[in-house]
Amino acid sequence: MRKIIDLCKEVPLLPLTILAAIPLALIPQWRPWGHIHSAFDPGVGEWIIILFVVWTIYTSIREMIDSIRHGHVGVDLLAIVALISTVCVQQYWASWAVVLMVASGEAIESYAENKAKGNLTALIKAAPQQAHVVTLPGTDGAEADMTDEGFRKVQQAVEAAQREGKPLNAGNGHFETVPVNDVKLNSVLLVLPGEIVPVDGLLLSGTASVDLSNINGEPVPRTIFAGAKVLSGSINGSTTMMIRTTSLAADSQYQQILKLVSAAEESRAAVVRTADMLAVPFTIISFAIAIVAWIVSGTGLRFAQVLVLATPCPLLIAAPVAYVAGTARLAKQKILVKSQDVLENLGRVTHVFFDKTGTLTVKQPQVVRVEKAKGVPADVSEDEILMMAGVVEGFSVHVLAKGIVEAGRAAMERLGRLPSSSGKTAADSNVDASHRALPNPSDNYPVVGNVSEIPGKGVRGTVDGRKVEVGRYAFVTEQDIVSQEVHNAAEEERNEKAMEAADREAAKLWPDTLEPDEMATYIAIDGYLAARIVLRDIPRYNAKQSIQELRKLGVKEETMLTGDKKSSAMIIANEVGITDVRYELLPQDKVNAVREASEQEKSGTETWWERATAKLLGEPIHRDVTMMVGDGVNDSPVLAVADIGMAMTDGTSTAASESAEVVIMNDDIGAVPKGVRIARQTKQRMLQAVLVGIALAIVGMVCAAFNLIPVVAGAFLQEAIDVVSIVWALTALFDRK
C-alpha cells in the first residue's frame with residue numbers, strides 16, 4: 001500500500017484521472033448552463049475529461065520540445081493527435097483511456113525504473129550520512145602547543161579548559177556527531193561497532209576488523225592494524241575504532257563508487273538512441289494507417305480508433321528501463337560502468353587485451369614448493385620450515401613476503417598451530433567485549449621475537465626460541481658482503497652484484513634448476529641453511545575458464561601484454577590458453593599495440609545502412625570493439641587508449657575509476673566474461689521489448705483500421721501492450737542463459 005501511495009505522489013495525474021471517471025460515468029451530460037451548441041455540447045463530466053486532455057497535451061508538447069532540444073526524437077506526437085482526435089469525435093471514454101494511458105505510462109516507467117535501480121538504490125542508501133568527531137584536545141588536526149619532546153600539551157589544554165569552564169569529552173568515547181560533509185581533513189573520528197566508516201582515513205586504534213563487502217564484495221571481514229588505510233563504506237566490526245581522516249567525504253572511496261553509478265544511471269546509451277531512430281518510421285506508419293482508414297471508411301472515428309493503439313511506450317520507456325536494469329545487474333555483480341554507452345559497447349567486444357601480472361596472474365608470487373638443503377634433519381618437515389619463514393616474513397614489506405606469509409599460514413593450519421577462538425562471540429550477552437573471540441591460552445601458537453629486517457637482503461628473528469633468517473643466500477649464510485657498509489651508488493652496485501653472484505652459486509646446491517618464471521628465497525635455522533623456498537607468478541584459478549567463456553561469447557581474439565621476458569610470458573600464456581603474446585613491452589609499447597588494433601578494427605568497410613546509422617547516432621553500431629583489462633594503476637595509459645578500459649581492483653584503488661570505463665570491484669577475472677554476457681543480454685532484451693511492442697501495436701492498428709477493435713477497447717488494449725513491453729525490458733535484471 002505504501003508503494004502505491006508513493007507512486008501516486010510521483011505521478012499525481014494518475015489518481016486524479018481515475019477519480020475523473022466518476023463524474024464521467026454519473027453526470028456525463030449534465031448541463032446546468034443549458035444547451036449551447038448541438039454539434040459540440042459536452043456535459044460536466046465530459047468537460048472535466050476535456051480539461052484533463054488539455055493539460056495532458058500541454059505537458060506532452062512541453063516534454064516533446066525538451067526531448068528534441070536535447071537531440072532525442074519525440075514520439076509524444078502520436079499521443080497528442082490521438083487525444084485531439086478522440087475529443088473531436090466526442091469519444092470521451094476513449095479520451096479518458098488515453099489520458100489514463102499517459103498517466104499510467106509515467107507511473108509504470110517510474111515503478112519499472114525503481115525496480116531496475118533496486119541494486120543502485122541500495123548502494124546509495126548505504127552511503128554514510130554522519131560521522132562522530134572526537135573533540136578531545138589535540139585531536140582536531142590544528143596547530144597546537146608542543147612540549148620540548150615534540151608532544152602536544154594535552155594536559156595543559158585540559159586544565160585550561162577546566163579553568164574557563166568549558167565542557168570536556170574525556171577519554172571515554174565522547175564525540176560530536178556531524179553530517180559527513182562537515183568532516184575536515186585530519187579530524188579524528190570514532191567509528192562505533194557495526195557502523196559504516198564515513199570517510200577515508202588511517203587507523204589509530206591498535207587493530208580492527210572491517211567488512212569490505214559494500215566495496216568489493218569480499219565476504220570475510222579483514223583484520224587491519226594501526227596505520228592501515230580504512231575506506232569509507234566499509235563496516236566496522238565488534239570493537240570501537242578511531243581513525244584520522246585523509247580525505248573529505250566527496251573524495252572518499254565510497255563516494256567515488258557512487259559517482260560511477262550515478263554517471264551510468266543518468267547516461268543515454270547508443271542503443272536507446274537506436275530506439276529513437278525507430279520512432280520516426282513508426283510514427284509515419286501509424287499516421288499512414290490512420291489516414292488510409294479514415295479515407296476508406298469516410299469517418300474520422302476510424303482515424304481515432306487507429307491512433308489510440310499507436311503506443312509510443314515501447315520506445316519511450318522500455319529501452320531506457322532495460323539499460324538501467326542492465327546497469328543495476330552489473331552493479332550487483334560488483335561491476336561498475338561509467339555510462340550506458342560503455343554498457344552497449346561492452347556487449348560488442350571482439351578483441352580483449354590482458355595485462356599479465358596481477359590480471360591473469362595473482363598479484364603476488366606464490367610459494368610452489370620447498371626444497372630442503374642437504375643435511376637438514378628428517379624430522380624438520382617442509383611445513384615447519386614454511387611456518388617459521390611465514391611468521392618471520394609477516395613483519396617484512398618485501399614483494400615476496402605476502403606469498404610466503406600465506407604459505408606459512410596454510411602450513412600452520414596443517415600443523416594445527418593456528419590460534420582457535422575461545423568460543424565466546426559477540427552474541428554472548430554475558431561476556432564483555434574485551435573477552436570475546438580471544439585465542440585460547442593453551443594454543444601452541446609460534447612465539448616470535450627479535451625481528452629485524454635489512455632492506456633488500458632479508459629478515460631475521462626467533463621462532464619458538466630458534467634463530468630464523470629468511471632472504472638472499474648471502475644473508476642467511478651470513479657472508480661478509482651482507483654487513484659491508486655502502487657509501488655511494490658505485491659501492492651499492494658492487495655489493496648487489498656480489499649478492500647476485502652468491503645467489504647463482506647457491507643454485508648449484510640443488511639438483512633441479514629454476515624455471516624461467518621462478519624465483520627463490522632461502523631460509524636458515526639456527527645458523528644452518530635449511531631450504532630453498534621457490535615462488536612463481538601463478539595464474540588465477542579461473543583465468544583459463546574466463547578466456548574460454550569469452551571465446552564462447554564470440555570474442556575473436558585474446559592478447560596478453562607484458563614487460564616480462566619471452567620465457568616467463570609464454571609459460572603463463574600456455575597455462576591460460578592465450579596464443580597471441582606480446583612480451584618485453586614498455587608502457588608505450590602496450591599503448592601502441594592496443595591503438596593499432598583499435599584502428600584496424602575501425603578501418604573495415606561499412607555498408608550504406610551502417611554509414612546512415614552512424615550519422616544518425618553519432619557512432620557506428622556494428623564496428624568491432626577492443627578492450628584492455630588491467631589493474632588500473634600502472635596500466636592507466638593503455639586503459640585509456642582502448643575502446644573500453646576495464647580495471648580489476650579490490651575496491652581500494654581510486655586510480656582505476658579515473659582511467660577505466662569499467663571497474664571490477666572484487667578483483668575477480670571471472671567478472672570479465674560475466675560483464676560481456678550481461679551487456680549482450682541487456683541489448684537483446686531491450687531490442688526484443690521494443691520490437692515486440694511495436695509489432696503488437698501495428699497489428700492492433702491494422703485490426704482497428706478494419707473496425708475490429710472499438711476506440712475505447714483499443715485504448716485499453718494499448719495499455720496492455722505497454723505493460724508487456726516494459727515487463728519484457730525488466731527481464732534484463734535476470735540471467736537467462
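Attention here is on the structure that accompanies the text. The shown structure was predicted, so the numbers you read here are calculated from the model rather than taken from an experiment.

**Looking at the pattern of salt bridges**
Two side chains of opposite charge can pair, provided their charged atoms sit close to one another. Applying the stated criterion across every chain yields a total of 17 salt bridges. Measuring nitrogen to oxygen at the nearest pair gives 2.6 Å for the salt bridge that ties K356 to D564. With K356 in helix α14 (residues 356-360) and D564 in the loop between β18 (557-561) and α21 (566-576), this pair connects stretches of sequence that are 208 residues apart. Of the residues examined, D564 reaches a relative accessible area of 27% and is grouped as partly exposed. Notably, a salt bridge pairs E505 with K508, separated by 3.3 Å at the nearest N-O pair. Classification of E505 as partly exposed rests on a relative accessible area of 47%. Each member of the salt-bridge network shares a partner with another, and the members are R369, E371, E518 and R532.

**Remarks on the side chain of D537**
Structurally, the position occupied by D537 is in the loop between β17 (528-536) and α20 (543-552). Look at D537 and you get buried, because its relative accessible area is 10%. Here T361 takes part through its side chain, which lies 3.4 Å from a polar atom of the side chain of D537. Setting aside chain neighbours within four positions, we find D537 in contact with K356, T357, T361, V362, P365, D517 and I572.

**So, the packing of aromatic side chains**
Under the defined criterion, the tally for this structure stands at six aromatic pairs. With centroids separated by 5.5 Å and ring planes inclined at 80 degrees, the aromatic side chains of W93 and W96 adopt a geometry described as edge-to-face. Taken as a pair, W93 and W96 lie in helix α5 (residues 92-116) at a separation of three residues, close to a single helical turn. With relative accessibility at 36%, the residue W93 sits in the partly exposed group. Their ring planes at 70 degrees and their centres at 5.5 Å tell us that Y473 and Y522 sit as a pair that is edge-to-face. In this pair, Y473 is assigned in helix α17 (residues 473-476) and Y522 in strand β16 (residues 518-525), connecting sequence segments 49 residues apart. Judged by relative accessible area, which is 14%, Y473 ranks as buried. On the basis of relative accessibility, which here comes to 4%, the residue Y522 falls in the buried class.

**With respect to the side chain of N236**
Within the secondary structure, N236 is located in strand β8 (residues 235-236). From its side chain, N236 meets the backbone oxygen of V191 in a polar contact 3.0 Å long. Those residues within four positions of N236 in sequence are excluded, and the remaining contacts are V191, L192, P193, G194, E195, S209 and M241.

**Quick notes on the sheet that holds strand β7 (residues 229-230)**
What the six strands build is an open sheet, ordered β2-β1-β3-β9-β4-β7; its pairing is antiparallel. Two strands in the sheet have a free side with no partner beyond their single neighbour: β2 (176-179) and β7. Where strand β1 (residues 130-133) and β2 come together, four bridges link them in antiparallel fashion. Across the sheet, residue H132 finds its bridge partner in β2, namely T177.

**As for the sheet that holds β17**
Strand pairing within a sheet occurs via backbone hydrogen bonds; the two strands may be parallel or antiparallel. Strand order in the open sheet formed by six strands is β12-β17-β16-β15-β14-β13, and the pairing between neighbours is antiparallel. At either end of the open sheet lies a strand with only one pairing partner, and these are β12 (366-372) and β13 (448-454). The sheet shows a mean angle of 20 degrees between the axes of neighbouring strands, direction not considered. Bridging between β12 and β17 involves six bridges; their strand directions are antiparallel. Residue pairing in the sheet places V370 in a bridge with I533 of β17.

**So, a nonpolar patch on the surface**
Taken together, L16, L19, I22, L26, I27 and W30 make up a surface patch of nonpolar side chains, about 620 Å² in accessible area. Counting through the fold element by element, L19 comes out in helix α2 (residues 13-26). By relative accessible area, which is 51% here, L19 ends up exposed.

**Section: the packing of α20 against helix α26 (residues 671-705)**
Two elements in contact, α20 and α26, have axes separated by 8 Å at closest approach and are oriented at 20 degrees. On the basis of the axis angle, α20 is roughly parallel to α26. Relative to α26, the crossing made by α20 is left-handed. Residue-level contacts link S546, E549 and L550 of α20 to V672, P673 and V676 of α26. Its residues assigned to classes, the contact of α20 with α26 shows four nonpolar, one polar and one charged.

**Things to note about helix α11 (residues 300-307)**
One turn of the α-helix equals 3.6 residues, which is why residues spaced by three or four share an orientation. Along α11, six of the eight residues are buried, which leaves the element largely enclosed by surrounding structure. All buried positions along α11 are accounted for by R302, F303, A304, Q305, V306 and L307. One side-chain oxygen of the residue at the start of α11 lies 3.2 Å from the amide nitrogen of L301, identifying that residue as T299.

**Quick word on the packing of helix α15 (residues 382-393) against helix α16 (residues 401-415)**
Think of two packed helices as two axes; the pair is described by the angle between the axes and how far apart they sit. Interaxial distance between α15 and α16 falls to 7 Å at its minimum, and their mutual angle equals 130 degrees. What the angle tells us is that α15 and α16 run oblique. Considering only the axes of α15 and α16, their crossing is left-handed. Judged by residue contacts, D383, E384, L386, M387, A389, G390, V391 and E393 of α15 engage A401, I404, V405, A407, G408, A411, M412, R414 and L415 from α16. Among the residues forming the contact of α15 with α16, the class breakdown is 11 nonpolar, two polar and four charged.

Conventions and cut-offs
Residues numbered from 1 in each chain as written. Predicted model: local features only at pLDDT ≥ 70, side-chain atom pairs only at ≥ 80, totals over all residues. Heavy atoms only, no water. Salt bridge = Lys/Arg side-chain N within 4 Å of Asp/Glu carboxyl O. Helix = DSSP H or I, 4+ residues; strand = E, 2+ residues; numbered from the N terminus. Buried < 20%, exposed > 50% of the residue type's maximum accessible area, 1.4 Å probe, protein only. Polar contact = N/O pair within 3.5 Å; in protein donor to acceptor, adjacent residues only side chain to side chain. Contact = heavy atoms within 4.5 Å. Phe/Tyr/Trp six-rings, centres within 6.5 Å; stacked < 30°, edge-to-face > 60°. Pairing = 2+ DSSP bridges. Axes fitted to C-alpha atoms, helices over the stretch in contact; angles between N-to-C directions. Patch = residues over 30% accessible without salt bridge, like charges linked within 9 Å, V, L, I, M, F, W, Y side chains within 5 Å. Areas by Shrake-Rupley, 256 points an atom, 1.4 Å probe, with all protein chains shown as cover. Parallel < 35°, antiparallel > 145°, perpendicular 65-115°, else oblique. Left-handed = near helix turned anticlockwise from the far one by under 90°. Nonpolar A, V, L, I, M, F, W, Y, C, P; charged D, E, K, R; others polar.

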